[in-house]
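One-letter residues, chain by chain:
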Amino acid sequence: VKCIFCEIVKGNLPSNVIWENENCLAFTPLEMEVNGHLLVIPKAHFNDVTDIDTDSLSEVMNFVKECCNKIKGEYGYTGFNLLNASGKSAQQSVGHFHIHILPRKEEDGIEAWPKLGVGENIYATSHNKL
Ligand SMILES: [Zn+2]
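In this report, the structure presented in the accompanying data block is examined.

Looking at the pairing of strand β1 (residues 17-20)
For step 1, the next point in the chain: Pairing of β1 with strand β2 (residues 24-27) involves 3 bridges; the strand directions are antiparallel. Residue pairing in the sheet places E20 in a bridge with L25 of β2.
For step 2, the next point in the chain: Hairpin connection between β1 and β2: a loop of 3 residues separates the two successive antiparallel strands.

Listed below in structure tokens is the structure:
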């Protein structure tokens, strides 16, 4: 099965690309969850946060930052939720690393921070060097 985001990068699938640089694309998803919803992807294929190399991850996050500043400066949004799903268990739908940008305004009525309320500490150690 072909990766639909790689097909978008190659121009083999139609897409609405808003911003682009050498290594990244920002485009509107087919289903817009909020006004201005964007997906940011690296042009190279990585599955998720666990396999993207650090340089590519830095490039994606810098690109996300630039997109957010554009949205803020040119479209009047004042806040952002950045969302990533990595892995099937985390409800990742397309297996090509991507960050959702959800632009926000004061009192826009959007609840992008669900109260899950089921967490406990699973970590066996603390203050260990990574
Ligand atoms: Zn891909």
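Don't stop here, the text continues.
A look at unusual backbone geometry
For step 1, the next point in the chain: With a phi close to 70 degrees, Q91 is a non-glycine residue in the positive phi region.
For step 2, the next point in the chain: Look at Q91 and you get exposed, because its relative accessible area is 70%.
For step 3, the next point in the chain: Unlike most non-glycine residues, E107 shows phi in positive territory, near 55 degrees.
For step 4, the next point in the chain: Checked against the element boundaries, E107 lands in the segment after β5 (99-104).

Section: the coordination of the zinc ion
For step 1, the next point in the chain: Protein-derived ligands of the zinc ion are C3 (SG), C6 (SG), H45 (ND1) and H96 (ND1), with the metal-ligand distances lying across 2.0 to 2.3 Å.
For step 2, the next point in the chain: Taken together, the 4 donor atoms coordinating the zinc ion span angles of 105 to 118 degrees at the metal, a pattern that classifies the geometry as tetrahedral.
For step 3, the next point in the chain: In terms of primary sequence, the donors binding the zinc ion are separated according to C-x2-C-x38-H-x50-H. In this pair, C6 sits in helix α1 (residues 4-10) while H45 sits in the loop between β3 (38-42) and α2 (54-75), placing the two residues 39 residues apart along the sequence.
For step 4, the next point in the chain: Take C6: its relative accessible area is 15%, and that puts it in the buried class.
For step 5, the next point in the chain: Look at H45 and you get partly exposed, because its relative accessible area is 36%.

What counts, and at which threshold
Residues numbered from 1 in each chain as written. Predicted model: local features only at pLDDT ≥ 70, side-chain atom pairs only at ≥ 80, totals over all residues. Heavy atoms only, no water. Pairing = 2+ DSSP bridges. Helix = DSSP H or I, 4+ residues; strand = E, 2+ residues; numbered from the N terminus. Buried < 20%, exposed > 50% of the residue type's maximum accessible area, 1.4 Å probe, protein only. Donors = N, O, S within 2.8 Å, 3.2 Å for Na, K, Ca; no water. Tetrahedral: all angles 85-135°; square planar, octahedral: opposite > 155°, others 65-115°.

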